[in-house]
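# What the coordinates show
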Amino acid sequence: MDNLITYSLSDDPIISFNKWLEKAKKIEQNATAMSVATYDLKKNRPTSRFLLFKGISDGKIVFYTNYTSQKSHDLDHNPEVALNFYWHNSQQQIKIQGKATKMSVADSESYFQTRDRESQIASYCSSQSASIIDKEALMAKFNEVKEHFRDMPIPLPKNWGGYLVEPYEFEFFLYGENRLNDRFLYERNQLQQWIVQRLQP
């Protein structure tokens, strides 16, 4: 589409995403904050939270989490996920639809060892989304793990790792004057080609 050039968009949404992200990193407070929406099968309703975007691997969006968390339980039952980036200063947002799969243990281990030690300890001691009596109990768990692994590497927790989201839809949204916003939808066809169309505001 010729009119994509005006908005620094290419025929490949991954390329477009990376360009927008690099721009956002220069002017946004936290450009890698990413809304992750999943479907809670037990309660029959959607739910969302913010995580940190951790890159693109072989065309797939990467994030890390605790595999006992609510979001992971949701993804075990329904791998469909919706991601959203909102950049206030840039006046842009990107919505991504895709299917999530767990990353290999080896790749999760590789990333885990790059984290600071306190973050490793926090991941090791937390049963994310489970109830706990108070903050003091949580800190006691943290200090127990810290003492247990004193002068030793923190191993990758069995219940922690990465997800890879394979996108099948991107929407690039630019805020316009008089609410005449510009929206471009990328969808994969059966041949795995990206088809682009302009949407009304």
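Scroll up to find the structure this text is about.
This text gives an overview of the structure that appears in the document. (Residues numbered from 1 in each chain as written. Predicted model: local features only at pLDDT ≥ 70, side-chain atom pairs only at ≥ 80, totals over all residues. Heavy atoms only, no water.)

Let us look at the side chain of Arg49. By the element assignment, Arg49 lies in strand β2 (residues 45-52). For the buried Arg49, no salt bridge exists, and the shortest N-O distance to an oppositely charged side chain is 4.0 Å, to Asp74. Polar side-chain contacts of Arg49 include one of 3.2 Å to the side chain of Thr38. Excluding its chain neighbours within four sequence positions, the residues that come into contact with Arg49 are Met34, Ser35, Val36, Ala37, Thr38, Gln70, Lys71 and Asp74. (Helix = DSSP H or I, 4+ residues; strand = E, 2+ residues; numbered from the N terminus. Buried < 20%, exposed > 50% of the residue type's maximum accessible area, 1.4 Å probe, protein only. Lys, Arg positive; Asp, Glu negative; His and termini not counted. Salt bridge = Lys/Arg side-chain N within 4 Å of Asp/Glu carboxyl O. Polar contact = N/O pair within 3.5 Å; in protein donor to acceptor, adjacent residues only side chain to side chain. Contact = heavy atoms within 4.5 Å.)

For the rest of this paragraph, the subject is the packing of helix α4 (residues 117-125) against helix α5 (residues 135-148). The N-to-C vectors of α4 and α5 enclose an angle of 115°; their axes lie 9 Å apart at closest approach. In the crossing of α4 with α5, the sense of the turn from one axis to the other is right-handed. Of α5, the residues touching α4 (which contributes Glu118, Ile121, Ala122, Tyr124 and Cys125) are Lys141, Phe142, Val145 and Lys146. Grouping the constituent residues of the contact of α4 with α5 by class yields six nonpolar, no polar and three charged. (Axes fitted to C-alpha atoms, helices over the stretch in contact; angles between N-to-C directions. Left-handed = near helix turned anticlockwise from the far one by under 90°. Nonpolar A, V, L, I, M, F, W, Y, C, P; charged D, E, K, R; others polar.)

What follows deals with the packing of aromatic side chains. Under the criterion given, the structure shown has 17 aromatic pairs. Ring plane angle 70° and centroid distance 5.4 Å describe the contact between Phe17 and Phe53, whose orientation is recorded as edge-to-face. Of this pair, Phe17 sits in helix α1 (residues 13-27) while Phe53 sits in the loop between β2 and β3 (56-57), and the two are 36 residues apart along the sequence. The buried category is assigned to Phe17, whose relative accessible area is 0%. Ring geometry for Phe170 and Phe172: centres 6.0 Å apart, planes at 15°, overall stacked. Relative accessible area serves as the criterion here: at 0%, Phe172 is assigned to the buried category. Members of the aromatic cluster, connected to one another through ring pairs, are Trp20, Phe170, Phe172, Tyr186 and Trp194. Cation over ring: Lys102 sits above Tyr67, and NZ or CZ is 4.3 Å from the ring centre. (Phe/Tyr/Trp six-rings, centres within 6.5 Å; stacked < 30°, edge-to-face > 60°. Lys NZ or Arg CZ within 6 Å of the ring centre and 35° of its normal.)

Taken together, the buried positions of α4 are occupied by Gln120, Ile121, Ser123 and Cys125. Each element contacted by the buried residues of α4 is listed here: β4 (60-66), α3 (105-112), α5 and β7 (160-174). Two or three places before Glu118, at the opening of α4, Asp116 has a side-chain oxygen 3.2 Å from that residue's backbone nitrogen.

With that settled, consider the pattern of salt bridges. Under the counting rule described, the total for this entry stands at seven salt bridges. In this structure, the salt-bridge partner of Lys60 is Asp58, at a minimum N-O distance of 3.9 Å. With a shortest N-O distance of 3.6 Å, Glu171 and Lys95 are connected by a salt bridge. Taken together, the positions of Glu171 in strand β7 and Lys95 in strand β6 (residues 92-102) put the pair 76 residues apart, joining distant regions of the chain. For Lys95, a relative accessible area of 31% puts it in the partly exposed group.

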